[in-house]
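A structural walkthrough
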Amino acid sequence: MSEPFADGSDGSDGLPCVLSEDVAAFMTDPALPPWAMGPVVAALVEIGETRGLVAGSTVAEDWPECRLLPLGEDGSLGIVEYVIAKDAVPPQVIVTRVLLY
């Protein structure tokens, strides 16, 4: 198990998953393909429930709070980029980009 978060919790409570303005606009765009909504929402739920520590996500070498999560089998649908802001008040995960292939 990873180290406790700055708020003293063990991570079992999850974190709010906050969308950047760009991601919020992306998610409400009528041009968003219908097949994309389910996988993206499922990824957002998993990111929040795991406090950003999703199995299969990759960590940026120079910025370990920044992660990429593949969408679909082996990332075939795209990626979700997010930042774990565990030192923020309140701690949260900020989804900064969703890229569909």
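Please refer to the structure placed before this passage.
Worth saying up front: this structure is predicted, and the values here are computed from it rather than measured.

How each quantity is defined
- Residues numbered from 1 in each chain as written.
- Predicted model: local features only at pLDDT ≥ 70, side-chain atom pairs only at ≥ 80, totals over all residues.
- Heavy atoms only, no water.
- Helix = DSSP H or I, 4+ residues; strand = E, 2+ residues; numbered from the N terminus.
- Buried < 20%, exposed > 50% of the residue type's maximum accessible area, 1.4 Å probe, protein only.
- Contact = heavy atoms within 4.5 Å.
- Areas by Shrake-Rupley, 256 points an atom, 1.4 Å probe, with all protein chains shown as cover.
- Patch = residues over 30% accessible without salt bridge, like charges linked within 9 Å, V, L, I, M, F, W, Y side chains within 5 Å.
- Salt bridge = Lys/Arg side-chain N within 4 Å of Asp/Glu carboxyl O.

**As for the overall build of the protein**
Scanning the protein for helices and strands turns up two helices and five strands. When the helices and strands of the protein are listed from N to C terminus, the series reads β-α-α-β-β-β-β. Taken across its 101 residues, the protein has 36% of its residues classed as buried. The contacts in the protein between residues at least 6 apart in sequence include a share of 49% that link residues at least 24 apart. A total of about 6,000 Å² of accessible surface is found on the protein, and carbon and sulfur atoms cover 59% of it.

**Observations concerning a nonpolar patch on the surface**
There is a patch of nonpolar side chains on the surface, built from M37, V41 and V45 and spanning about 210 Å² of accessible area. Note that V41 resides in helix α2 (residues 34-49). V41 gets classed as partly exposed once you look at its relative accessible area, which sits at 36%.

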